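These are the residues of each chain, in order.
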Amino acid sequence: MASIATVSDLRQGYGRRDVIRGLDLAVDAGVLGLLGPNGAGKTTLLRTLATVAPPREGLLKICGAPVRSERDARKVRRQIGYLPQDFGYFPAFTVEDFVHYCAWLRGVPKASADVAVNEAIECVNLADRRTAKLRSLSGGMLRRCGIAAAIVGFPRLILLDEPTAGLDPAQRLEFRALLRMLKRRGLAVVISTHLVEDVAAVCDTVAVMSGGRLVFHGLPDELVRAAVADAVGDTHIERGYMSVLARGGRPA
Amino acid sequence: MMRIFSSEMRASPLRWWLPVFVALDIAMLFGRDPSWIGVWPQASAAVQLAGHAFAAAAAAAATWSSGREHRTGVTDSLASSWRGRWQADGLQLASTLLFIAVPYALGAALAAATSLREAGPGFLWPRYLLLGASTLLLSASAGHLAGKLLPGRVAPTLAVAGLVVLLSIYGSPRLELVVLSGMPQVELAPLALGSRFLLAGVLALIAVVLPGIAPKGEAWRSRSRQAGMTGSAVLAVGSCVIAMTAAGPLRVNRPAPHTPLCSADTPRVCLWPDNAKYLPQVAAMASRLAALPAGLFRPPDTFYERGVLPGRPPLSGFLIIRGVSSVPDALAGSILERTLPLCDLTESDAPAYFRQFWPIHQWLSVRAYGSRFPAFMKGGPPGVDMEEIYNVVHRPEADQTAWVKAKLAAIKAIRPDCV
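Criteria and thresholds
Residues numbered from 1 in each chain as written. Chains lettered and ligands numbered in written order. Predicted model: local features only at pLDDT ≥ 70, side-chain atom pairs only at ≥ 80, totals over all residues. Heavy atoms only, no water. Helix = DSSP H or I, 4+ residues; strand = E, 2+ residues; numbered from the N terminus. Rg over C-alpha atoms; globule rule 2.2 N^0.38 Å. Buried < 20%, exposed > 50% of the residue type's maximum accessible area, 1.4 Å probe, protein only. Contact = heavy atoms within 4.5 Å. Areas by Shrake-Rupley, 256 points an atom, 1.4 Å probe, with all protein chains shown as cover. Lys, Arg positive; Asp, Glu negative; His and termini not counted. Charge placed at Lys NZ, Arg CZ, Asp CG, Glu CD. Pairing = 2+ DSSP bridges. Axes fitted to C-alpha atoms, helices over the stretch in contact; angles between N-to-C directions. Parallel < 35°, antiparallel > 145°, perpendicular 65-115°, else oblique. Left-handed = near helix turned anticlockwise from the far one by under 90°. Nonpolar A, V, L, I, M, F, W, Y, C, P; charged D, E, K, R; others polar. UniProt positions renumbered as here; feature names shortened; annotations may be inferred. Salt bridge = Lys/Arg side-chain N within 4 Å of Asp/Glu carboxyl O. Polar contact = N/O pair within 3.5 Å; in protein donor to acceptor, adjacent residues only side chain to side chain.

1. A few points about the overall build of chain A
Secondary structure assignment for chain A yields 9 helices and 10 strands. At 18 Å, chain A has a C-alpha radius of gyration in line with the 18 Å of a compact globule built from 252 residues. Based on the C-alpha atoms only, the size of chain A along its principal axes is roughly 50 × 40 × 35 Å. Per-residue burial over chain A gives 56% buried out of 252 residues. Residue pairs at least 24 apart in sequence account for 65% of intrachain contacts in chain A once pairs closer than 6 positions are excluded. With an accessible surface of roughly 10,300 Å², chain A has 50% of that area assigned to carbon and sulfur atoms. Distance between charge centroids for chain A: 5 Å, based on 34 positive and 26 negative side chains.

Rendered as structure tokens:
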């Protein structure tokens, strides 16, 4: 089956600085966990996949279509749901209004928008706060609202940058259940996170970035097996992650 | 679309300002001289002026409203949107305009309601209302654009409000955006008005269509294309300003009325039909002057309001400005113009001549008022002892006649050819 998103030989950055160099990645249906230290290029990669910033070099394909221009980008944006790391919101909007607004921005058809919005709000357990103003929500609730805005209409590619930041343990468990539901729908979900245990619990594949390069891409079990004996970490997967980072992509 | 528009309306920061705008509009309408009530062109200009009063506030509010993207950090969500950014901007600007239009329309409705009883035939003049609407559209669009392009919070808001105030006080007839009164003698030139609407419309279009400034390397458009779009926008605004200048002055003289509104008594007074509500007052003034002892003066058969009689010198005739307060002076002037024909005064004769002339003039003005002494006449022309006038108008008619005759004799003594 063709990948839902691919980047080939990607170079990307800000200003004069290249953050990502020569990166190849294919995103298939299922959940891909994107791990890496701060500054590794995770957010830059997600912004590129979200077509926010054009690649400096290399090729981006979404749903098989190459994205080389703004026109190309607009064609595929209906298929992309994106929760940015710095999730901005309009404080005076209600939860329902904001998710509706995001559905409208994404071009969710008017006929199905109401159903899609309700479904997205229920998925993140905010149904009882649908009429609450965003300014009145806690950090965790805001994050859940952002997730609802990203998944509304269930686009084929969902990009979630630090979706579990601010969520309490119970909400994180609910979020994992949501990811499993999205996976069952055959969607491709990319989550960028620092929480390695989330990756172990729910991701089908894991990608580890370091210094703008992909240093690991495989199954969670493979990441566990990559652990070296003296690696630091509380869990197997954490030790695998630390080992991969320490090697910087060199084989064990 | 309507669902999103309704969300924008409910969430707009302007919703808190709506009562302030309404209060400001009503205060500007009724908190000043109410002489516009009952005169359609004056009422229309008053509506326009009141709307203009909150143009700066509207611009500031639009700046604040459209600057929410910078304040809230939804930039990436908008940048990854399938919809063109102009659609989101268009809805936001539309909601801002609706909040501004409500107090303006309310002001117009109140002005119409209060004028209906007294005013003659006709209604509010659409051109004045359109002028106010174009200024509000221009202010809100400039504000929206500034909020979208400039990331600061307070500085762009203040800058745009200041710019609108500056544009308002700039007095060039070809570039003016506001008129202070709507005398029936003048009207707004359609071409000049159209050029102002064109500018406001182009600015609104730019505010919606011009993309925000993306960080370097983050725009799909090339920098040259972005610069091209910005250059085109500047060029479009510049062309509109040139078109405004080429369209000529905003206010032009109105053709004389086909049928002026005239009183039945002698001397007649003829007004613009729009000033119908003032006819009884002006006619009474003319009657009082006609009742003065015969032989003293040569009053005209008809007193004309300025512009009513075609072919007369441009500044002849009385004006009704802020009611009839300036009319007695003008009527007195008309009478003295006929009684004391214009003659060349030498520099040495002039002071003595005017020492006699102005007291008669003021006396006539007060008599036109019905011998009451209006507060605004207390000052009088330089060198005139208004206390003396006050005493004279309260004397018996025969004494007053003697006083006038003495003054006229004194003038004759100075320049026999002037009487």
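2. Let's talk about the sheet that holds strand β9 (residues 205-210) of chain A
Strand pairing in a sheet takes place through backbone hydrogen bonds and is either antiparallel or parallel in direction. Residue and element names in this part refer to chain A. Strand order across the open sheet formed by 6 strands is β6-β7-β8-β3-β9-β10, with mixed pairing between neighbours. In the strand order of this sheet, the two ends are held by β6 (80-83) and β10 (213-218), each with one partner. Here the strands of the sheet are splayed against their neighbours by 15° on average, with no regard to which way each runs. Here strand β3 (residues 30-35) runs beside strand β8 (residues 188-192); their pairing, made up of 5 bridges, is parallel.

3. As for the packing of helix α3 (residues 95-106) of chain A against helix α4 (residues 110-123) of chain A
All names here are of chain A. Following both chains from N to C, one finds α3 and α4 inclined at 120°, their axes separated by 10 Å at the closest point. In terms of axis orientation, α3 runs oblique to α4. In the packing of α3 onto α4, the handedness of the crossing is right-handed. Residues Val 95, Glu 96, Val 99, His 100 and Ala 103 of α3 pack against Ala 113, Asp 114, Val 117, Asn 118, Ala 120 and Ile 121 of α4. Among the residues forming the contact of α3 with α4, the class breakdown is 7 nonpolar, 2 polar and 2 charged.

4. Concerning the packing of helix α12 (residues 279-290) of chain B against helix α14 (residues 350-368) of chain B
Residues and elements named next belong to chain B. Running from N to C, α12 and α14 point in directions that differ by 125°, and their axes come no closer than 8 Å. Considering the angle they form, α12 stands oblique to α14. Contacts between α12 and α14 involve Met 285, Arg 288 and Leu 289 from the first element and Leu 364, Arg 367 and Ala 368 from the second. In terms of residue class, the contact of α12 with α14 is made up of 4 nonpolar, no polar and 2 charged.

5. Notes on the UniProt feature "transmembrane region" (unreviewed entry) in chain B
All names here are of chain B. The positions that UniProt labels "transmembrane region" (unreviewed entry) are, in the present scheme, residues 12-31, 43-64, 93-116, 128-147, 154-173, 193-215 and 227-250. The distance from the first to the last C-alpha atom of residues 43-64 is 32 Å, and the span holds 95% helix and 0% strand. Here residues 227-250 is 83% helix and 0% strand, with 34 Å between the C-alpha atoms at its ends.

6. A closer look at the pairing of strand β4 (residues 57-62) of chain A
Two faces, one strand: in a regular strand the side chains alternate between the faces of the sheet. All names here are of chain A. In this structure, strand β1 (residues 5-14) lies alongside β4, joined through 5 bridges in antiparallel fashion. Residue Thr 6 lies in a different strand from β4, and its bridge partner there is Lys 61. Of the strand pairs in this sheet, β4 and strand β5 (residues 65-66) are connected by 2 bridges, and their pairing is antiparallel. Its bridge partner being in β5, Ile 62 is matched across the sheet by Ala 65.

7. Section: the interface of chain B and chain A
Facing the 30 residues of chain B at the interface are 36 residues of chain A. At the boundary of chain B and chain A, one finds 3 salt bridges. Between Arg10(B) and Asp97(A) there is a salt bridge whose closest N-O contact spans 2.7 Å. Counting residues per element, the ones that place at least two in the side of chain B that touches chain A are α1 (2-11), α5 (68-72), α6 (75-79) and α7 (85-116) of chain B. Per-element tally for the side of chain B that touches chain A: the top contributor is α1(B), with 6 residues. Tallied by class, the residues present in the side of chain B that touches chain A amount to 11 nonpolar, 9 polar and 10 charged.

8. So, the environment of Gln12(A)
Residues and elements named next belong to chain A. Relative to the helices and strands, Gln 12 resides in strand β1. On the accessibility criterion, Gln 12 (1% relative accessible area) is buried. For the pair Gln 12 and Leu 23, spaced 11 residues apart in sequence, the C-alpha to C-alpha distance is 9.2 Å. A polar atom in the side chain of Gln 12 sits 3.0 Å from the side chain of Thr 48. For Gln 12, the side chain forms a polar contact with the main-chain oxygen of Pro 54, separated by 3.1 Å.

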